[in-house]
Amino acid sequence: MAKLRGAIVIDKDRCKGCELCAATCAQQVIAMTTAVNQKGYHYAYMANPEACTGCTNCAVMCPDGVISVYRVKVEA
Amino acid sequence: MKGNEAIAEAAIRAGADAFFGYPITPQTEVMEYLMETDATARTGMVVLQAESEVSAINMVYGAASCGRRVMTSSSSPGISLMCEAISYLAGAELPCLIVNVSRGGPGLGTIQPSQADYFQTVKGGGHGDYKLLTLAPSSVQEMADFVALSFDLAFKYRNPVMILSDGAIGQMMEKVYLPEERPRLTEFPDWATTGTRPGQHGRTITSLNLLSSVHEVHNQRLQAKYRQMEQEEIRYEELYCDDAEYVVVAFGISARIAQNTVERLRAAGKKVGLFRPITLYPFPAPQLAALAKRVKGFLSVELSAGQMIEDVKLAVGSQVPVEFFGRLGGMVPTPEEIEGALRKYFSL
Amino acid sequence: MDVKDIIREENLVYKKSRLLTDTPFNFCPGCGHGTVVRLIAEVIEEMGIEHDTVGISPVGCSVFLYDFYDFDVVEAAHGRATAVATGIKRVMPDKFVFTYQGDGDLAAIGTGETIHACNRGENFVIVFINNGIYGMTGGQMAPTTLEGMKTATCPRGRDVKTMGYPLNITPLLAQLDGTYYVTRQAVHTPAAVRKTKRALRQAFENQKNKKGMSIVEVVSNCNSGWGLPPLQANRWMEENMFAKYQLGDMKVDGVLQMR
């Protein structure tokens, strides 16, 4: 049956490392990097990309609007 | 027609878009007249009574940011409440007209006339380096004539303009030739926040510049405007000054009374003249300095403890003596009192 | 399927509103202000009214709204946003106007303007961020600061006997005949964010239909002011702020909903 696969793109230099997206992601896709961006923040990245369903919750939560979300239907 | 009513009728005829005000004696007739004559029905202009002078002047700020001809009127204590916003209006370079029908201060004071708001008006009642182009009417006719002029000057310089009147001129009734009616604005300047046109980026009306290097440049641009005003907008009137030995310097109601004194003394063969500043800022200093070369002394006459006299002294310097005569607390001098002062200081 | 195949233009389901400029927000990490500022841009974009909208940014954390929005914004003096909005709306009744105010701006210095703009039923939208503190100036006590809450100006906790009670202003405003829609939302979970967006959309639709004053209060965290990281701040908010400032609609279509 059809399955949704998603992916997110994070504007890493505008992320402030607030972790709201990571905490809200039901699939635990997102984690914070150990590296820091130009502002000195740890930023979010897809640690577990396969689990992403493109539900946009992370982007909806992001106070700085740095997350873009893509979603596509795939045949399992 | 009363001075206050002349302001209101002239505003309608000048194509004002909005008036926001608050009741305070001795100028409430301005708003009453606008309501009574139903200015909104006549030209569609907005007439709104706010909950305070602070709110009223900030409504003016909002309407001014849309490039409209907008005004308020109040009296001394109300103008004090408006001073913060007046500084914002100057900082954000917003054109508007503010009418101050002054009353005796300080504090609640009296509702009788006064000229003790001079410093507040021309030296800045609000914070920061800003100037208010200030016109001082001395008749009901000038109350009417200065409204359209104020709007035009406000837009020319993108700066608030003040008509500094007083309780006497405001309440006084005189014949007045009312200005021609002109339409309200339909085109608005490009800086006005009226909603962006497609393809146009958002515009901003603000007086905020946290970056000092940017804010200094902004301040320098404001100062350049004030220099231009000092070059182009000085207005004054001279009576019997050509051969005068002693000259009274007075504006507004004081000038009306002093004119009577000068005419009486002239009839008695005394070489006395009257110099009447019409713009209090820009102050007619160059003209006074020139006059000082031909006269033996000045008498500054004011309804205050002596404020304009400082600017007269700055202009005249030490060329000739500058004396002062004033009444306080809303007391209005008689022509004879001014004559007495002239005789005392200059042994006429 | 490889991630690269998913990230293609046709698969895009969410991105930042084009009405937001490239200027990064000046809000602290995880602050609710950013979310609400973003939502307003999305609502205005979706309604296609950016060329007819003028926003009012007052003094407070939101003072730089005009740097973030690509439509006209007017800066108001502290507390005077609703008066400035009144001035604009009265001379341009067909334009959309909204104020974006913090609790100090709306419920302290601007209380008079707020109440009277609502009482006149001015037809614009007030967006009111209630985080119980003055954020921009570094965390001082605000009218909505909770009893016992510590701030820079009540370091031993707000003592109501000497510093007054937390001011729950929105229900008061709902009682005024001039208000048409009054609701209190939050942005601490995706569901709450979506509800806030719907509320904002409702408010702007009300304005479009000339229904009078719409107020959307958003109870938000203030991480730096409360001295908590974002996630903990949101939990603290749920337990403490929501107790005093209950979420929900107080007035819909001019009808009071309060118990």
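Just so you know, the residues in each chain are numbered from 1, in the order the chain's sequence is written. Labels are handed out in written order, letters beginning with A for the chains and numbers beginning with 1 for the ligands. Only residues with pLDDT of 70 or above have their local features reported here, since the model is predicted, and side-chain atom pairs are shown and tallied only from 80 upward, although totals for entire chains, interfaces and linings are computed over all residues. Working from all heavy atoms in the structure, the side-chain values ignore hydrogens and water.

Engineer: Go over the overall build of chain B with me, naming the residues and quoting the values.
Structural biologist: Counting its regular elements, chain B contains 13 helices and 13 strands. The globule rule used for comparison is 2.2 Å times the number of residues to the exponent 0.38, while the radius of gyration itself is calculated over C-alpha atoms. The C-alpha atoms of chain B give a radius of gyration of 21 Å, which matches the 20 Å a tight globule of 348 residues would have. Dimensions of chain B, computed from the C-alpha atoms along their principal axes, are close to 70 × 50 × 35 Å. Only protein chains enter the accessibility calculation, which uses a 1.4 Å probe; a residue whose area is less than 20% of its type maximum is buried, one above 50% is exposed, and one in between is partly exposed. Within chain B, buried positions represent 60% of all 348 residues. Whether two residues are in contact is decided by their heavy atoms: any pair within 4.5 Å suffices. Partitioning the contacts of chain B with sequence separation of at least 6, the portion at a separation of at least 24 is 79%. The Shrake-Rupley method, run with a 1.4 Å probe sphere, supplies the accessible areas, and residue values consider only the shown protein chains as cover. Put simply, chain B shows about 12,900 Å² of open surface, and 53% of that area lies on carbon and sulfur atoms. Helix numbers and strand numbers start at the N terminus; a helix is a DSSP run of H or I with at least 4 residues, a strand a run of E with at least 2.

Engineer: Please give an account of the sheet that holds strand S1 (residues 12-14) of chain C that cites residues and values.
Structural biologist: Should DSSP find at least two bridges between two strands, the strands are taken to pair. With antiparallel pairing, three strands are arranged side by side in an open sheet as S1(A)-S4(A)-S1(C). Lying at the two open borders of the sheet, with one neighbouring strand each, are strand S1 (2-10) of chain A together with S1 of chain C. Along the sheet, successive strands turn relative to each other by an average axial angle of 35°, direction set aside. Both strand S4 (residues 67-75) of chain A and S1 of chain C contribute to a ladder of two bridges, which runs antiparallel. Counterpart to Tyr70 of chain A in the pairing with S1 of chain C is Leu12 of chain C. A fitted line through C-alpha atoms serves as each axis, taken over the contacting stretch for helices, and the angle formed by two N-to-C directions is quoted from 0 to 180°.

Engineer: Please give an account of the pairing of strand S12 (residues 297-302) of chain B that cites residues and values.
Structural biologist: All names here are of chain B. Of all six residues in S12, six are buried, a share of seventy percent or more. Here S12 shows no split at all, with Gly297, Leu299 and Val301 on one side and Phe298, Ser300 and Glu302 on the other all buried. Note that strand S9 (residues 246-249) and S12 share four bridges and pair parallel. Bridge assignment links Val249 to a residue of S12, and that residue is Ser300. Inspection of the sheet shows S12 paired to strand S13 (residues 322-326) by five bridges, in the parallel sense. Among the inter-strand pairings, Glu302 is bridged to a residue of S13, identified as Gly326. Note on handedness: a crossover is taken as right-handed if, strands pointing away from the viewer, the path from the first strand over the helix to the second is clockwise. In this view, the connection linking S12 to its parallel neighbour S13 by way of helix H12 (residues 308-316) has right-handed handedness.

Engineer: Mind laying out the interface of chain A and chain C, listing which residues take part and the relevant values?
Structural biologist: Facing 34 residues of chain A, the contacting portion of chain C comprises 35 residues. Defined in terms of a 1.4 Å probe, buried area is the accessible area two parts forfeit on being brought together, summed over both. Between chain A and chain C the total buried area reaches about 2,600 Å² when both faces are included, carbon and sulfur atoms providing 64% of it. Contact with chain C buries area across many residues of chain A, yet Arg14, Val60 and Tyr70 of chain A alone supply 23% of it, more than any other trio. Salt bridge criterion: a side-chain nitrogen from Lys or Arg within 4 Å of a carboxyl oxygen from Asp or Glu. The interface formed by chain A and chain C includes zero salt bridges. Polar contact is defined as a pair of N or O atoms within 3.5 Å, subject to the rule that within protein one atom must be able to donate a hydrogen and the other to accept it, and that residues adjacent in sequence are counted only when both atoms are side-chain atoms. Counting across the interface, chain A meets chain C through eleven residue pairs in polar contact (both at pLDDT 80 or more).

Engineer: Explain helix H11 (residues 285-292) of chain B to me, and be specific about the residues and the numbers.
Structural biologist: Every α-helical turn comprises 3.6 residues, leaving residues that sit three or four positions apart pointing alike. Residues and elements named next belong to chain B. All of the buried residues in H11 are Leu288, Ala289, Leu291 and Ala292. Taken end-on, H11 shows its buried residues confined to a sector of 160°, consistent with a single buried face. Looking at the buried residues of H11, the elements they touch are strand S8 (236-239), S9, strand S10 (272-277), S12 and H12. Summarising the geometry, the arc corresponds to the directions from the helix axis toward the C-beta atoms.

Engineer: Can you tell me about the state of the cysteines, naming the residues and giving the values?
Structural biologist: Residue and element names in this part refer to chain A. We call a pair of cysteine sulfur atoms a disulfide whenever their separation is within 2.5 Å. In the structure shown here, the tally under the stated rule is zero disulfides over all chains. The cysteine Cys25 is free of any disulfide, with Cys55 supplying the nearest cysteine sulfur at 6.4 Å. Assessed through its relative accessible area of 13%, Cys25 is described here as buried. You can see Cys55 has no disulfide; the closest cysteine sulfur is in Cys58, sitting 6.2 Å from it.

Engineer: Could you give me a rundown of the domain arrangement of chain B, with the residues and numbers involved?
Structural biologist: Residues and elements named next belong to chain B. Along its sequence, chain B is carved into domain 1 (3-171) and domain 2 (236-346). Domains are outlined according to an automatic or database domain assignment. On a C-alpha basis, the centres of domain 1 and domain 2 stand 27 Å from each other. Of the residues lining the interface, 26 residues belong to domain 1; the matching set on domain 2 comes to 25 residues. Taking both partners together, domain 1 and domain 2 bury about 2,000 Å²; carbon and sulfur atoms supply 59% of that area. Inspection of the domain 1/domain 2 interface yields two salt bridges. Between Arg276 and Glu142 there is a salt bridge; the shortest N-O distance is 2.7 Å. The interface formed by domain 1 and domain 2 includes 14 residue pairs in polar contact (both at pLDDT 80 or more). At the level of secondary structure, the elements contributing two or more residues to the side of domain 1 that touches domain 2 comprise helix H6 (118-122), strand S5 (133-135), helix H7 (140-157), strand S6 (160-166) and helix H8 (167-171). Amino acid classes used here: Ala, Val, Leu, Ile, Met, Phe, Trp, Tyr, Cys and Pro are nonpolar; Asp, Glu, Lys and Arg are charged; the rest, including Gly, are polar. Among the residues making up the side of domain 1 that touches domain 2, the classes are represented as 14 nonpolar, seven polar and five charged.

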